[in-house]
Amino acid sequence: MKITVVGAGAVGATCADNIARKELASEVVLLDIKEGFAEGKAMDMMQTATLLGFDTKITGSTNDYTKTAGSDVVVITSGLPRKPGMTREELIGINAGIVKGVAENILKHSPNAIFLIISNPMDTMTYLAFKALGLPKNRIIGMGGALDSSRFKYYLSQAMNCSPNEIHGTVVGGHGDTTMIPLTRLATYNGTPVSNYIDADTLKKVAADTMVGGATLTGLLGTSAWYAPGAAGAAMVEAIVRDEKRVFASSVYLEGEYGQNDICMGVPVVVGKNGWEKIIDFKLNEEEQAAFAKSADAVRNMNNVLVD
Ligand code: NAI
């Protein structure tokens, strides 16, 4: 198994580090445009191998795509992250060019790869990759909902003073501060609705905190987060390479599901060796479905920037 991570910055390096520690591949290639950067990150990580006891070989490459040849899974994190006060959407101009160029170069050398798109604005970048590459839709997956759902479970666990691992919760819709939809009605604590344990106002605050979870971290850190995004990317890679059939909210190309067409947005999907394998129908109620449609309008407006 060979995995390439494009972008050796904060998110890409963290993702590669997690992949190596979990020994998800015999080889991980980190590729970055910045001279020597990926090589340096790869060398630093390899020097943890005897300390952490993993056997994955990590190599770095400055923009040499021949090194990525034959990858089974490719994670794309290249592009600018947001700064405090910025939205993910403001990154589109620069990141669209980067993601398209990178994806096309990767495909030339890894024609069978499954693509996991992380660069922002992620739903639009996933749509762009789908349109540019012309691959079957199940091989293009956007990572956003896995992270947002993990943040949702964190905020719920804080409010309920319990372990986040006892909570199930999913965030669907677009991966933006105003477009994501934490599904509070469907969140459970050990199989029972979380509304049994916290009042409606607290639940509303949890949802609001989740939606600006990334912005909160950007304010604290001065740049966007990396531990949880990198771990979320690696968890999805793990589901692919181990054919786990785990369900992650992920941005995938919709053809009528959840009432939407010709758009990539976050919905619960089964992830396994073929990429995303099936969309799960959560049977949203009217209010949730309306929120999903409104979120789709915003994502579609962003997609339209690509052709304007
Ligand atoms: P970063 O700035 O630390 O790393 C980005 C790396 O991409 C840099 O090392 C840069 O040299 C490289 N790069 C730029 N153009 C390239 C090209 N053409 N080819 C190869 N490498 C190139 O940024 P960070 O924090 O790692 O974030 C990366 C992206 O992921 C951003 O767009 C950010 O908004 C997004 N992100 C998405 C999340 C999600 O849930 N989908 C969560 C967190 C970040």
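For the structure itself, look to the data block above.
Procedures and definitions
Residues numbered from 1 in each chain as written. Predicted model: local features only at pLDDT ≥ 70, side-chain atom pairs only at ≥ 80, totals over all residues. Heavy atoms only, no water. Near = heavy atom within 4 Å. Polar contact = N/O pair within 3.5 Å; in protein donor to acceptor, adjacent residues only side chain to side chain. Areas by Shrake-Rupley, 256 points an atom, 1.4 Å probe, with all protein chains shown as cover. Pairing = 2+ DSSP bridges. Helix = DSSP H or I, 4+ residues; strand = E, 2+ residues; numbered from the N terminus. Disulfide = S-S within 2.5 Å. Buried < 20%, exposed > 50% of the residue type's maximum accessible area, 1.4 Å probe, protein only. Arc of directions from axis to C-beta. Contact = heavy atoms within 4.5 Å. Core = buried A, V, L, I, M, F, W, Y, C linked by side-chain atoms within 4.5 Å.

Visitor: Is there a simple way to explain the site of the ligand in this structure?
Guide: If you check the shell around the ligand, you find 29 residues, and the closest are Ala10, Val11, Asp32, Leu80 and Met143. At 3.4 Å from an oxygen atom of the ligand is found a main-chain nitrogen or oxygen belonging to Gly79. At a separation of 3.3 Å, an oxygen atom of the ligand approaches a polar side-chain atom of Asn95. Surface burial for the ligand is 87%, taken as the share of its 870 Å² of free accessible area covered by protein chains.

Visitor: Hey, could you run me through the sheet that holds strand E11 (residues 192-193) in this one?
Guide: Whenever strands of a sheet pair, they do so through backbone hydrogen bonds, lying parallel or antiparallel. The three strands lie next to each other as E7-E10-E11, forming an open sheet whose pairing is antiparallel. The open sheet has two edge strands with one neighbour each: strand E7 (167-168) and E11. Note that E7 and strand E10 (residues 188-189) share two bridges and pair antiparallel. Its bridge partner lying in E10, His168 is registered against Thr188.

Visitor: Mind showing me how you'd approach the state of the cysteines here?
Guide: Working definition of a disulfide: a covalent bond connecting the sulfur atoms of two cysteines. Inspection of every chain in the model, using the stated rule, returns zero disulfides. Unpaired in this structure, Cys264 has its nearest cysteine sulfur neighbour in Cys15, at a distance of 19 Å.

Visitor: I'm lost on helix H8 (residues 213-221) in this one. Help?
Guide: Each turn of an α-helix holds 3.6 residues, which means side chains three or four residues apart point in the same direction. Of all the positions in H8, only Gly213, Gly214 and Thr218 are classed as buried. For H8, the arc enclosing every buried residue in end-on projection is 135°, short of the 170-degree limit, so these residues lie on one face. Opposite its buried face, H8 presents the exposed residues Gly219 and Leu220, each directed more than 90 degrees away. If you follow the buried residues of H8, they end up packed against helix H6 (145-160) and helix H7 (200-211). Taken from the residues just after H8, Gly222 is the one with a positive phi, measuring 85°.

Visitor: Would you mind going over the nonpolar core with me for this structure?
Guide: One broad trend across soluble globular proteins is that nonpolar side chains are buried collectively. The biggest cluster of nonpolar side chains holds 54 residues, and the ones touching the most others in it are Ile19, Val237 and Phe292. Take this core: its biggest share by element is eight residues, from helix H9 (residues 227-241). Apart from residues no more than four positions distant in its own chain, Phe292 is found in contact with Val172, Gly173, Ile181, Leu254, Tyr258, Gln260, Met265, Gly266, Val267 and Leu284. With 26 residues, the next largest nonpolar core counts Val74, Ile92, Phe115 and Ile117 among its residues.

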